[in-house]
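# What the coordinates show
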Amino acid sequence: MRYRTRLYIDLNILAQNVDKLRSLCPNNKILFMVKGDAYGHGMTQVVRFANTKLKVKEFGCATLGEARHLREELSDLQFEIYVFSDTNLEFQSCTDYYLNRRIIPVISNFEDLDFFLGESDFAHFPLCLKFNTGMNRLGIEFKDIDKVINRLKANKRDSIHHLFTHFGQSSDDIAEGGAVWNQYHEFQEIKRKLVDADITVKRSSASNSGAIEQGFGLDETHIRPGLMLYGPTALNPEVRTKSMWTGKVISRLETYVINSFAVEKGEPVGYGGVPCPNKGTMALIAIGYGDGLSGRMRFPTLTHKGKEGRIFGRVNMDMTQVYFENIEHFDLNPQEHFVIWGHEQEDILRFSDQTGATPYEVFCHLTPRVPRIYSLE
Ligand SMILES: Cc1ncc(COP(=O)(O)O)c(C=O)c1O
């Protein structure tokens, strides 16, 4: 158990983010992506809150294991769960989970489609299809749309519960004629072909955070935000001014100062004895790579009591040095609170830009050793 190194999660901010998103996209329902343990924030607590308090009814996972976990932990709640990639549909034990727990697999290839259509147990189960429109990762190809239609007709399926595609470059500027724009046009073409073949598309979605923030791909029943609901923009630094997103970060990563001391120019510090380039103050904080700070990250700056320091020397498993270069007599008390990132987007974006890890990675790197503490202040 740890008391002062923790990820503090303010669910009120999640509520505000959902409100903001709903006013940006009043015509779209939210399919909230909670894979990766809700981007490191604790899937069970996030889904419970979003479902009961914010009336979000649909959630997206990557794996069947994540979806099972949600069903088991939240058996008192009613919501839909989609499994997007690691479906394992063809294993009998997994098939049973889908059927008995109403977990909806997203089908992205012909093997799974044939299996699904061939299983009589799935005859009345929601059919969800994902098309590859140019991201080239997962999904049925546009050129195979007639094959899909033939398969559906042969199996007397006249509707698709939810039709998906996923954008590969929505963190960049979405320009007319560009990659995302072309993907979306292909998606429209797929929908048109299905409708022309008298197959009803009940739900559809394409837009993840980067697209939503640019107001793109909203002519669908749903949107599929992940990162933005946890706070940060998904846009790359060069195009962030294009973002309409004003959400706040739902988490604050806190630790405390274990020790602090003055350093001289050339003084070796920590493992490997990395020499200080100048005199200053060194703070040792109680968080390390065992918590998810990586020694491979480029070193970020951290601001404490209005002064800028930077992570210095080797990150340890349990501790990290923060170097306040040329700042002497810095009034740092052992035991005092130290915030790595707070609720302003700028904090985590700076951390992520400086370390070279995306905000997705920064969140997901946090290990279970960091307690997640939830608050509704
Ligand atoms: C299929 C799918 N939809 C939506 C999202 C959400 O993306 P983001 O977190 O960028 O909003 C993801 C995440 O990678 C995804 O894989």
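Here's a quick rundown of the structure. (Residues numbered from 1 in each chain as written. Predicted model: local features only at pLDDT ≥ 70, side-chain atom pairs only at ≥ 80, totals over all residues. Heavy atoms only, no water.)

Attention now goes to the overall build of the protein chain. Along its length, the protein chain carries 12 helices and 21 strands. In terms of its C-alpha atoms, the protein chain occupies a principal-axis envelope of roughly 80 × 45 × 40 Å. Counting over 377 residues, the protein chain shows a buried share of 54%. Restricting the contact set of the protein chain to residue pairs at least 6 apart, pairs at least 24 apart contribute 67%. Carbon together with sulfur atoms contributes 48% to the accessible area of the protein chain, which is approximately 16,700 Å² in total. A distance of 2 Å separates the average location of the 44 positive side-chain charges in the protein chain from that of its 48 negative side-chain charges. (Helix = DSSP H or I, 4+ residues; strand = E, 2+ residues; numbered from the N terminus. Buried < 20%, exposed > 50% of the residue type's maximum accessible area, 1.4 Å probe, protein only. Contact = heavy atoms within 4.5 Å. Areas by Shrake-Rupley, 256 points an atom, 1.4 Å probe, with all protein chains shown as cover. Lys, Arg positive; Asp, Glu negative; His and termini not counted. Charge placed at Lys NZ, Arg CZ, Asp CG, Glu CD.)

The next thing to look at is the layout of surface pockets. Taken as a whole, the largest pocket spans an internal volume of roughly 490 Å³. Every residue lining the largest pocket is counted, 25 residues in all, and those nearest its centre are Lys35, Tyr39, Arg137, His166 and Asn208. It is helix H2 (residues 35–40) that contributes the most residues to the lining of the largest pocket, three residues altogether. Looking at the lining of the largest pocket residue by residue, the classes come out as 10 nonpolar, 11 polar and four charged. Approximately 160 Å³ is the volume attributed to the second largest pocket. Forming the boundary of the second largest pocket are Arg22, Asn28, Lys29, Ile30, Lys55, Val56, Lys57, Glu58, Glu80 and Arg203. (1 Å grid on protein atoms, 1.4 Å probe; cavity = no way out; pocket = protein on both sides within 12 Å on 5 of 7 lines; lining within 4 Å. Points joined across faces, edges and corners; volume = space filled by probe spheres on them. Nonpolar A, V, L, I, M, F, W, Y, C, P; charged D, E, K, R; others polar.)

Taken together, the side chains of Arg22, Lys53, Lys55 and Lys57 make up a positively charged region of the molecular surface. Mapped onto the fold, Lys57 is located in the loop between helix H3 (43–52) and strand S3 (58–63). (Patch = residues over 30% accessible without salt bridge, like charges linked within 9 Å, V, L, I, M, F, W, Y side chains within 5 Å. Salt bridge = Lys/Arg side-chain N within 4 Å of Asp/Glu carboxyl O.)

Glancing now at the site of the ligand. Around the ligand, the surrounding shell holds 14 residues, and the nearest of these are Tyr39, Ser209, Gly226, Leu227 and Tyr360. With respect to the ligand, the side chain of Arg224 contributes an N or O atom lying 2.9 Å from a nitrogen atom. With respect to the ligand, the backbone of Gly226 contributes an N or O atom lying 2.8 Å from an oxygen atom. The protein chains hide 92% of the 390 Å² of surface that the ligand would expose on its own. If you map the ligand onto the pockets, it falls in the largest pocket. Taken together, the residues of the shell around the ligand break down into six nonpolar, four polar and four charged. (Near = heavy atom within 4 Å. Polar contact = N/O pair within 3.5 Å; in protein donor to acceptor, adjacent residues only side chain to side chain. Sits in = over half its atoms within 2 Å of the grid points.)

Where helix H6 (residues 110–118) meets helix H7 (residues 145–154), the axes come as close as 11 Å, and the angle between the chain directions of the two elements is 10°. One way to sum up the angle between H6 and H7 is to call them roughly parallel. Between H6 and H7, the contacting residues are Phe110, Leu113, Asp114 and Leu117 on the first element and Lys147, Val148, Arg151 and Leu152 on the second. For the contact of H6 with H7, the per-class residue count stands at five nonpolar, no polar and three charged. (Axes fitted to C-alpha atoms, helices over the stretch in contact; angles between N-to-C directions. Parallel < 35°, antiparallel > 145°, perpendicular 65-115°, else oblique.)

Glancing now at H3. The buried count for H3 comes to seven of 10 residues, which makes it a mostly enclosed element. Residues Met43, Thr44, Val46, Val47, Phe49, Ala50 and Asn51 constitute the buried set of H3. At its buried positions, H3 is contacted by helix H1 (11–24), strand S2 (29–33), H2, S3 and helix H4 (64–73).

Attention shifts here to empty space enclosed by the protein. If you walk through the whole model with that rule in mind, you get one cavity of 30 Å³ or more. Considered as a void within the structure, the largest cavity measures approximately 50 Å³ in volume. What lines the largest cavity is Lys130, Phe131, Asn132, Thr133, Met135, Arg137, Leu138, Thr165, His166 and Gln183. Ranked by residues supplied to the lining of the largest cavity, first place goes to strand S6 (residues 128–132) with three residues. Split by residue class, the lining of the largest cavity holds three nonpolar, five polar and two charged.

End to end, H1 covers 20 Å across 14 residues, agreeing with the expected 20 Å (1.5 Å per residue, within 8%). Inspection of H1 places Leu11, Ile13, Leu14, Ala15, Asn17, Val18 and Leu21 among the buried residues, and these make up the whole buried set. (Expected span 1.5 Å × (residues − 1).)

Turning to the nonpolar core, a few remarks are in order. One finds Leu14, Phe32, Val34, Leu129 and Trp341 to be the most contacted residues of the largest nonpolar core, which totals 108 residues. The greatest single-element share of this core, amounting to six residues, is contributed by H1. Split by domain, the residues of this core number at least three in each of domain 1 (11–230) and domain 2 (251–375). Setting aside its immediate chain neighbours within four residues, Trp341 contacts Leu7, Val249, Ser251, Arg252, Leu253, Asp347, Ile348, Phe351, Val362, Phe363 and Leu366. Judged by nonpolar contacts, the second largest core, of six residues, contains Val269, Cys276, Met282 and Tyr323. (Core = buried A, V, L, I, M, F, W, Y, C linked by side-chain atoms within 4.5 Å. Domains from an automatic or database assignment.)

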